[in-house]
2 protein chains.
Amino acid sequence: MESFSIFSNFIYCESSEELICKKNSYLIVLDGVVEGIYQELPEKYKNLKLYDYKDKLVIPGLSDLHVHAPQYQFRGLWMDMELLPWLEEHTFPEESKYKSLEYASKAYDIFVEDLKYSATTRVSAFATIHKDSALYLMNALEKAGLAGFVGKVNSDRNAPDILREETAESINATLDFIEKSKELKNIKPIITPRFIPTCSDTLLQELGKISKDYNLPVQSHLSENPSEIEWVKQLVPKSKSYADAYRMFGLWGEEKTIMAHCVYSYETELELMKNKNIYVAHCPDSNSNLTSGIARITALMDSGVNVGLASDVAGGEELSILSAMKNAIKVSKLNKRLSHSEDRSLSFAEAFYLATYSGGSFFGNVGSFIKGYDADIVVLDDSSIKTTLKDELSLQERLEQYVYLKPSDRVFAKFVKGNKVF
Amino acid sequence: MESFSIFSNFIYCESSEELICKKNSYLIVLDGVVEGIYQELPEKYKNLKLYDYKDKLVIPGLSDLHVHAPQYQFRGLWMDMELLPWLEEHTFPEESKYKSLEYASKAYDIFVEDLKYSATTRVSAFATIHKDSALYLMNALEKAGLAGFVGKVNSDRNAPDILREETAESINATLDFIEKSKELKNIKPIITPRFIPTCSDTLLQELGKISKDYNLPVQSHLSENPSEIEWVKQLVPKSKSYADAYRMFGLWGEEKTIMAHCVYSYETELELMKNKNIYVAHCPDSNSNLTSGIARITALMDSGVNVGLASDVAGGEELSILSAMKNAIKVSKLNKRLSHSEDRSLSFAEAFYLATYSGGSFFGNVGSFIKGYDADIVVLDDSSIKTTLKDELSLQERLEQYVYLKPSDRVFAKFVKGNKVF
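Note that the structure is a prediction, hence the values are computed from the model and not measured.

Caption draft 1: Layout of the interface of chain A and chain B. Each side of the interface is counted separately: chain A has 51 residues, and chain B has 51 residues. Of the roughly 4,400 Å² buried at the junction of chain A and chain B (both faces included), carbon and sulfur atoms supply 53%. For chain A, the biggest contributors to the area lost against chain B are A:Lys333, A:Arg337 and A:Thr388; these three give 15% of the whole. Our enumeration of links across chain A and chain B arrives at six salt bridges. Note that A:Lys330 and B:Glu317 form a salt bridge whose closest N and O atoms lie 2.9 Å from each other. Of all the secondary-structure elements, those providing two or more residues to the side of chain A that touches chain B are helix H2 (101–116), helix H10 (284–289), helix H12 (321–339) and helix H14 (395–405) of chain A.

Here it is, written out as structure tokens:
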């Protein structure tokens, strides 16, 4: 495990209220864990390896709570469609190609390479139904030095033949996937029913059991689009809400659980959302691109619901969680102006909190420079932003400008759990 | 005047309906004007200089119908505010610095340098009230090879002392500004009352006269924010709408006129908007950032109103009109989902039409590769986008992916009126 110090400018948070900014300071990492930040380098740490990132901006690694790795190849394409036809015409046909391990390896290598150089250090990813390809993705992420979860997708109804499993086959493949990923250190399996419409009651129930038996987290989709919500009502007529349908099958916060989107959750399923194991993966880009709507994120936060940010590639066009920060702020303002004047806009500090501390907590002590946190560290270089104001800007202002102007740039350097990724 | 041919892949439009895509073809430019696009290079043009942009994407230059050049230094900053306090606390203090020609030249050089390498070839820009700085900006743009308009801003009320002119002084400076910019070839003056709140009735009336006397176009702001609209009602009590206030003072479409924002125009001033000399500068980024709302662009287009796109730096964070295209599509979907289900979403082809053909028409025969159009040409390199699908994508799909993923990248090459900018 790595121990070192970094000299630079640090920005992080310990709550949603404000950013903590420490200029020209030393961050000490011992055995992959943050020890502290000091104005002067303490005598006892003077022998540690020192990384000098003078003039740069250093932030905690960002967490992407929801991304479809097999959709990365068609990011930014076919955006003139809504969710259900978009799945049918483009997403399902592309995902079916991952039956071929050869295709999967070529495509996942592109995905992992771009993720590696982004500001994201933790990820919770969907693969496809194909177990061997999903295992390839896990190994590729681990090898690249990233951390998080990958799910083999489960789907036994309402999908084209080539993406539909037999129920028993789906369960057995999941158990095998869990078994075969045991040797990995930083990438772990996560139970991944695609969403209620594509999973039978039996399959959902069995997945709930597996999650409990193996203490595995769960990820799925929730309340993204009005047509989808209507469909779930028909498919699970006894459920009181979309969330309630997951609850009925033991997939609601028994273990840590990510629910992507939750665009319509505040109105219909708020009480269930307050379960402390439930994390909302807010996907502002995807929810705009697929005409889904705007999740009432500040209202959910103010009600005590856990929220993190997500790219939702390829509903969202790009992997950058810095971009998700900026677009979460933008859509929160439109939600306030157009729909719910009583909701607050998301501030810049809050968006940063969601991308780091709040989303990171899904993965453990991740997303801050508090003592004891995993040393997930991202170094940003804002020198390409030319402005006459440069010397007057505070660290927070420099970060805001970077997020608005350079969200998709490769970052300057990155550490995950104290290991230097590049 | 330049004559040459380009071998590449061309994408342009002649209407809002569809993109015209020509693969591996030859674009012929004679004396700075488009002659035609050919599958084979015609014999008679074989002696022309040939630019080989094989595998690239070539589109017409984009038009930015509304940008505040002096706000460029604080792009992407202080986004947690709405329009009026944002003007008061940040915009006015920064603009007041342009009294110093030394500061203005340093700042405008940064602006012009970044604009030069963007996909924009035509621009209608606000400077500040300071005549000499505005003339510096015009010269810098011309020198960089760009084309369009610059306005010396007029403002004689409701602005801080340092940005408020005496009425007579404002008029005289405008006349001098027009006189002194006569020698420029590609950058022309435009009458620029900041907006109704900062211009007295007398000043507006005089500016209307100057526009008519000198046949100069006009640019200003319209119906951006509910508080601003309310204020205009109080300031011009006899006006039937914000647009009507401009009309009363001879500033409504007597000459070609750009009105930025028009977020609330469809409901309150649609009939006046149909004047063929009025151009809506749609600013999706700014309207999100400043919590202004969403302009009903497709409804305006379907009513026969001229629409173009704009960056509105620094309400919008960046100069890229490719980014404005993508965000115009996104907010049109949110408008449809949240506010006006009867409105269409903006398609990708339509967004491209707005950025090129429609916005370009403000400047003349600009924004297409139709015979007789000015040779404003932008070359895009999408080779940095890695995807397994590359070989299967149509030109339109490649362009869509570029716009969604690389909107802020420097473009590969650029021509304005047939002159190679770089």
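Caption draft 2: Main features of the sheet that holds strand S11 (residues 218–222) of chain A. Residue and element names in this part refer to chain A. Spatial strand order, S11-S12-S13-S14: four strands in an open sheet with parallel pairing. Of all the strands in the sheet, just S11 and strand S14 (306–309) have a single pairing partner and so form its edges. Along the sheet, successive strands turn relative to each other by an average axial angle of 30 degrees, direction set aside. Pairing of S11 with strand S12 (residues 257–261) involves five bridges; the strand directions are parallel. Its bridge partner lying in S12, Leu 222 is registered against His 261.

Caption draft 3: Spatial organisation of the packing of aromatic side chains. Counted by the stated rule, this structure contains 44 aromatic pairs over all chains. Ring geometry for A:Phe149 versus A:Phe363: centroids 5.8 Å apart, planes at 20 degrees, classification stacked. With A:Phe149 in strand S7 (residues 147–151) and A:Phe363 in the loop between helix H13 (348–360) and strand S15 (377–380), this residue pair connects regions lying 214 residues apart in the sequence. Ring centres of B:Phe362 and B:Phe363 lie 5.4 Å apart, and the angle between their planes is 80 degrees; this geometry places the pair in the edge-to-face category. Under the relative-accessibility criterion, B:Phe362 is labelled buried at 3%. Looking at B:Phe363, the relative accessible area reads 14%, which means it is buried. Through a chain of ring-to-ring contacts, three or more aromatic side chains come together here, namely A:Phe4, A:Tyr51, A:Tyr53, A:Phe412 and A:Phe415. The residue whose ring lies beneath B:Arg75 is B:Tyr72, and the NZ or CZ to ring-centre distance is 3.8 Å.

Here is what the cut-offs are and how they apply
- Here, residues in each chain are numbered from 1, in the same order as that chain's written sequence.
- Throughout, the order in which chains and ligands are written sets their labels, letters from A for the former and numbers from 1 for the latter.
- Local features in this predicted model are restricted to residues of pLDDT 70 or higher, and side-chain atom pairs are both shown and tallied only at a pLDDT of 80 or more, whereas totals for entire chains, interfaces and linings draw on every residue.
- To obtain the side-chain values, all non-hydrogen atoms of the structure were included, while hydrogens and water were left out.
- Throughout, a residue-residue contact means that at least one pair of heavy atoms, one from each residue, lies within 4.5 Å.
- The term buried area means the drop in 1.4 Å probe accessible area that two parts suffer when joined, counted for both and summed.
- The rule for a salt bridge is simple: a side-chain nitrogen of Lys or Arg has to be within 4 Å of a carboxyl oxygen of Asp or Glu.
- A run of DSSP states H or I qualifies as a helix once it reaches four residues; a run of E qualifies as a strand once it reaches two. Both are numbered from the N-terminal end.
- If DSSP finds at least two bridges between two strands, the strands pair.
- Note on definitions: angles span 0 to 180 degrees between N-to-C directions of axes, and those axes are lines fitted to C-alpha atoms, for helices only across the stretch in contact.
- The aromatic pairing rule takes the rings of Phe, Tyr and Trp, using the six-membered ring of Trp, and pairs them if the centres are within 6.5 Å, calling planes under 30 degrees apart stacked, those over 60 edge-to-face and the rest tilted.
- Throughout this description, buried means an accessible area under 20% of the type-specific maximum (1.4 Å probe, protein chains only), exposed means over 50%, and partly exposed covers the range between.
- Remark: a charge is flagged as sitting over a ring if the NZ atom of Lys or the CZ atom of Arg is within 6 Å of the ring centre and within 35 degrees of the ring normal.

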